[in-house]
Amino acid sequence: MTGQIAIRVRDLKTAFGHHVVHEHLDVDVYDGEILGVIGPSGSGKSVLLRAIVGLKKPAHGTVEVYGDDVSGLEGDALRSVQDRWGIMFQDGALFSNLTVRENVMVPMREHTNLPVPFMRQLADQKIRMSGLETKDGDKFPSDLSGGMRKRAALARALALDPPILFLDEPTAGLDPITAGAFDKLVRELQRALSLTVFLVTHDLDTLAATCDRIVVLGEGHVIASGTMQELQRMDHPWVQEYFCGPRGRAATAGVK
């Protein structure tokens, strides 16, 4: 980490009608770190991600990405900055009627004027970077296992070489071995590409294996922030139950 703030969220309020999800929420994401975002069900982890990337308009507050306020952008203005980040949604959100290669090329078609043959070459590179083989680019999402779909979605998120990567429950639904391999891949890519990663998860093993720092959402805002060891020492009831129960102790046993 460099100490530079990649994402700065201040006084954020999000709501669905009269239901307020976040209020007075502040969070910083530092350049080059993997930030884990956790919290009880309904605390708005994915809503926060969507608010940052412009998919959920905040009722109040600001979101800055590398110093530029992006919270009020819409339409073409928003699209003009979307190449700063790549997003991997929980279910992959792959287009079922497109091959893996064509899925990876979608952001390139939307945001660049590159020749199609060069797009195909770049797509194949991203596919290999994500742990798939070049031949997997010819397959459709229905031909892939759950782990392969996650990797294909990751390849698409990396299509434009973004400095920031958003991952929404990246290991949800995967068996422990496949999830562990995906965690290792995320950490390797972050180091190799100097990525800043905003990672929403509930998986203790993922937090232990990948995250430099963790923020805990609850009660509409950030209730705790720190490393796993720092959070284990906090006296907040939910934080204690989450990190100091049997599963939490097992996940953090090897973390130093």
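Note that this is a predicted model, so its numbers are computed, not measured.

The subject of this paragraph is the side chain of E33. Position of E33 among the secondary structure elements: in the loop between strand 2 (19–30) and strand 3 (34–38). Using a relative accessible area of 0% as the deciding quantity, one classes E33 as buried.

Below, the discussion takes up the nonpolar core. Core analysis: the biggest nonpolar cluster contains 42 residues, and V104, L154, L165, L167, L207, I214 and F243 have the highest contact counts within it. Among the elements that take part in this core, helix 5 (residues 146–157) stands out by supplying five residues, more than any other. Ranked by size, the runner-up nonpolar core spans 27 residues in total, among them L12, V29, I164 and V200.

A word on unusual backbone geometry. Although it is not a glycine, Y66 adopts a positive phi angle of roughly 50°. Summarising the element assignment, Y66 is placed in the loop between strand 4 (60–65) and strand 5 (68–69). The exposure class of Y66 is partly exposed, given its relative accessible area of 26%. A positive phi angle, close to 55°, is found at S194, a residue other than glycine. With respect to the helices and strands, the residue S194 is situated in the loop between helix 6 (176–193) and strand 8 (196–200).

Take the environment of H221 next. Position of H221 relative to the elements: it lies in strand 10 (residues 221–226). Under the relative-accessibility criterion, H221 is labelled partly exposed at 28%. Once the C-alpha coordinates of H221 and G44 are considered, the two residues, 177 residues apart in sequence, prove to be 9.1 Å apart. Once you skip the residues sitting within four places of it in the chain, H221 turns out to touch E23, H24, L25 and V216. At 3.0 Å, the side chain of H221 forms a polar contact with the backbone oxygen of E219.

What counts as what
- Residues numbered from 1 in each chain as written.
- Predicted model: local features only at pLDDT ≥ 70, side-chain atom pairs only at ≥ 80, totals over all residues.
- Heavy atoms only, no water.
- Helix = DSSP H or I, 4+ residues; strand = E, 2+ residues; numbered from the N terminus.
- Buried < 20%, exposed > 50% of the residue type's maximum accessible area, 1.4 Å probe, protein only.
- Core = buried A, V, L, I, M, F, W, Y, C linked by side-chain atoms within 4.5 Å.
- Contact = heavy atoms within 4.5 Å.
- Polar contact = N/O pair within 3.5 Å; in protein donor to acceptor, adjacent residues only side chain to side chain.

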